[in-house]
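# Reading the structure
For reference, the chains in residue letters:
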Amino acid sequence: MESTAAERRGRRPPALPKFHRFFRMYAAPHLVMHELLREHGDVICLRGFIDVYLVNHPDFLRQVLSRSHEHFSKHTFDYLVLAQVMGNGLVSNDGPHWVKQRRLMQPMFASRSVNRFDETINSLTSALLDRWDALPADEVIQMDREMARLTFRIVGATLFGSDIDRHADEVAEILEVVNLRTQELRAIMTVHSWVPTPYNLKWKRATRRLDTIVYGMLAARRRDGAGGGDILDRLIAARDEETGEGMDETQMRDEVVTLMLAGHETSANALTWTLYLLANHPEVEARLAGALAAELNGAPAAAADLARVPYLKQVVQESMRLYPPVWGYSRRSEHEEAFGDFLLPSKAYVGILPWALHRHPDFWPDPERFDPERFEPGRSAGRHSYCYLPFAAGPRTCIGAGFAMLEIQLVLAQLLQRFRVRVVPGHPVETLAKVTLKPRFGLPVTLERR
């Protein structure tokens, strides 16, 4: 006789054999986890050094990220590794202190606040495109590196104004050293930084130098006064509504480093993957370029202009569906938690995988197809609000989501009016799941002037 839902409640999710597909998992965790979710259902247990419960249904993700978010902490090993660099910044912070910091920083990232950076974004983008314009017609450029340099300059200028100019190249090199996939052994070893491995020694030198630069810029700004309304000015001026207190130097350092790390690589990857998709879908690229030319006539877009080119946002949204900049992240259940018929134990690691969620066939028909029209208002209206999570969701939605969308659209609006991007024929394009989702072998391209 078939059991009722009530009788089944309390079952543990399907558990796979210990270290199942381990070597493939280490090489391409997003691909293997997606494969296992397709095979075994929307809640499964991966058993390894740490058991991880993958959750891949929007109803359950709403529970984790919103309705019961207080029951799911960031007390996971992934965030412990990230905290070795980010300290107690918003990404790795948790609990009441995170609530205080989020409340303190939220006004800095409201639409009215970030839209005023459109001129800075456009100026730096224009400088890059002018440099490209001087290149020979057949010059091969590494688009992933070009986008990383651009977004780093944008986050530096909006965060520090001109103060970072003399440190920009050095800070970019430092961030390359310290920004590792959290599952890598050398990243894990940074939790035990006293162990004198070659990488730990290199990592400690890099973090010490990063601290020297950031603390130096903070001290100079406090000494010399306002820098023209950049984010650093706002961090220094921010005061808690209840206590009237601002941030101490250590917390300020942690937030600055977090914004630098989280604020440039995610946008760079989103831009890189969008340009890759457009290069491989010339009909979409032609439609978008035509819409931009019709509305902007070759000029950069101001923040207020973007609403006139809705197809641009749709293209970016669809690109981030297929290639979410953050491919996966974790939480820890602080109590037993029921997901439908399943019961997760207390202190269980919960894995959230936007890569797989964005390909869930129950919510995304023909999920591997690049189709920006999915995000037309008529087609989006009935879609589950938790089946698309490029910036997470709930109280811990990425604070910089609005800034990132502004930046990505403004860069594309200029770039696509001036150039067509063509991937070098025969170059292998594969995804590499580090902290963010990168092209494993880079993205070499050539440019065609319009």
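All values derive from a computational prediction rather than experimental measurement.

We now examine the sheet that holds strand 9 (residues 419-423). Spatially, three strands are ordered 4-12-9 in an open sheet, and the strand pairing comes out antiparallel. Looking at the sheet topology across the chains shown, the edges are occupied by strand 4 (141-142) and strand 9.

Here we come to the environment of Y215. Within the secondary structure, Y215 is located in helix 12 (residues 198-224). Expressed as a C-alpha distance, the spacing of Y215 and E249, which sit 34 residues apart in the sequence, is 7.6 Å.

Here the structure, examined in full by the defined rule, presents zero disulfides. Free cysteine C398: the closest other cysteine sulfur is in C387, separated by 19 Å.

Under the definition given, this model contains 15 aromatic pairs. With a centroid separation of 4.2 Å and 5 degrees between ring planes, the pair formed by W273 and Y323 is classed as stacked. With W273 in helix 14 (residues 249-280) and Y323 in the loop between helix 16 (310-322) and strand 5 (329-333), this pair connects stretches of sequence that are 50 residues apart. On the basis of relative accessible area, W273 is assigned to the buried category, the value being 1%. For the pair Y323 and W355, a centre-to-centre distance of 6.1 Å together with 65 degrees between the ring planes defines the contact as edge-to-face. You can see Y323 sitting in the loop between helix 16 and strand 5 and its partner W355 sitting in helix 17 (residues 354-357), a full 32 residues away along the chain. For the pair Y323 and W355, a shared accessibility class is recorded, and that class is buried. One aromatic cluster is present, formed by F19, F22, F23 and F49 through successive ring pairs. When the ring centre of Y311 is taken as origin, the NZ or CZ atom of R287, which lies over that ring, is 3.8 Å away. The side chain of R383 reaches across the aromatic face of F375, ending 5.3 Å from its centre.

A separate point is the side chain of T158. By secondary structure assignment, the location of T158 is in helix 9 (residues 143-160). A distance of 2.9 Å separates the side chain of T158 from the backbone oxygen of I154, its partner in a polar contact. Look past the residues within four positions of T158 in its chain and what remains in contact with it is F117, T120, D230, I231 and F403.

Judged by nonpolar contacts, the single largest core of 138 residues is most densely connected at M105, W132, M143, M147, L235 and M260. Considering every element that reaches this core, the biggest residue donor is helix 14, with 15 residues.

We now examine helix 16. Because an α-helix packs 3.6 residues into every turn, residues spaced three or four apart end up facing the same way. In this model helix 16 runs 19 Å from its N-terminal to its C-terminal C-alpha over 13 residues, within 8% of the 18 Å that 1.5 Å per residue would give. The set of residues buried in helix 16 consists of Y311, L312, Q314, V315, V316, Q317, E318, S319, M320, R321 and L322. Those residues of helix 16 that are buried lie in contact with helix 14, helix 15 (282-296), helix 17 and helix 19 (401-418).

Right, let's talk about the confidence of the model for the protein chain for a bit. In this model, the protein chain carries an average pLDDT of 91, and 97% of its residues clear a pLDDT of 70 or more. Across residues 1-8, confidence stays below pLDDT 50; counting only partners more than four residues off in sequence or on other chains, it has three contacts.

With that settled, the discussion passes to the environment of R11. Positionally, R11 belongs in the loop between helix 1 (5-8) and helix 2 (22-27). Between the C-alpha atom of R11 and that of D341, which follows or precedes it by 330 residues, the distance is 6.7 Å. If we ignore the near neighbours within four places in the chain, the residues touching R11 are D341, F342 and L343.

Once that is clear, we can look at the packing of helix 12 against helix 14. Put simply, helix 12 and helix 14 touch, their axes get as near as 10 Å, and they point 115 degrees apart. Relative to helix 14, the element helix 12 lies roughly perpendicular. Seen from above, helix 12 lies across helix 14 with right-handed handedness. Judged by residue contacts, L210, D211, V214, Y215, L218 and R222 of helix 12 engage E249, T250, M252, R253, V256, V257 and M260 from helix 14. Counted by class, the contact of helix 12 with helix 14 contains eight nonpolar, one polar and four charged residues.

What counts, and at which threshold
Residues numbered from 1 in each chain as written. Predicted model: local features only at pLDDT ≥ 70, side-chain atom pairs only at ≥ 80, totals over all residues. Heavy atoms only, no water. Pairing = 2+ DSSP bridges. Helix = DSSP H or I, 4+ residues; strand = E, 2+ residues; numbered from the N terminus. Disulfide = S-S within 2.5 Å. Phe/Tyr/Trp six-rings, centres within 6.5 Å; stacked < 30°, edge-to-face > 60°. Buried < 20%, exposed > 50% of the residue type's maximum accessible area, 1.4 Å probe, protein only. Lys NZ or Arg CZ within 6 Å of the ring centre and 35° of its normal. Polar contact = N/O pair within 3.5 Å; in protein donor to acceptor, adjacent residues only side chain to side chain. Contact = heavy atoms within 4.5 Å. Core = buried A, V, L, I, M, F, W, Y, C linked by side-chain atoms within 4.5 Å. Expected span 1.5 Å × (residues − 1). pLDDT = per-residue confidence, 0-100. Axes fitted to C-alpha atoms, helices over the stretch in contact; angles between N-to-C directions. Parallel < 35°, antiparallel > 145°, perpendicular 65-115°, else oblique. Left-handed = near helix turned anticlockwise from the far one by under 90°. Nonpolar A, V, L, I, M, F, W, Y, C, P; charged D, E, K, R; others polar.

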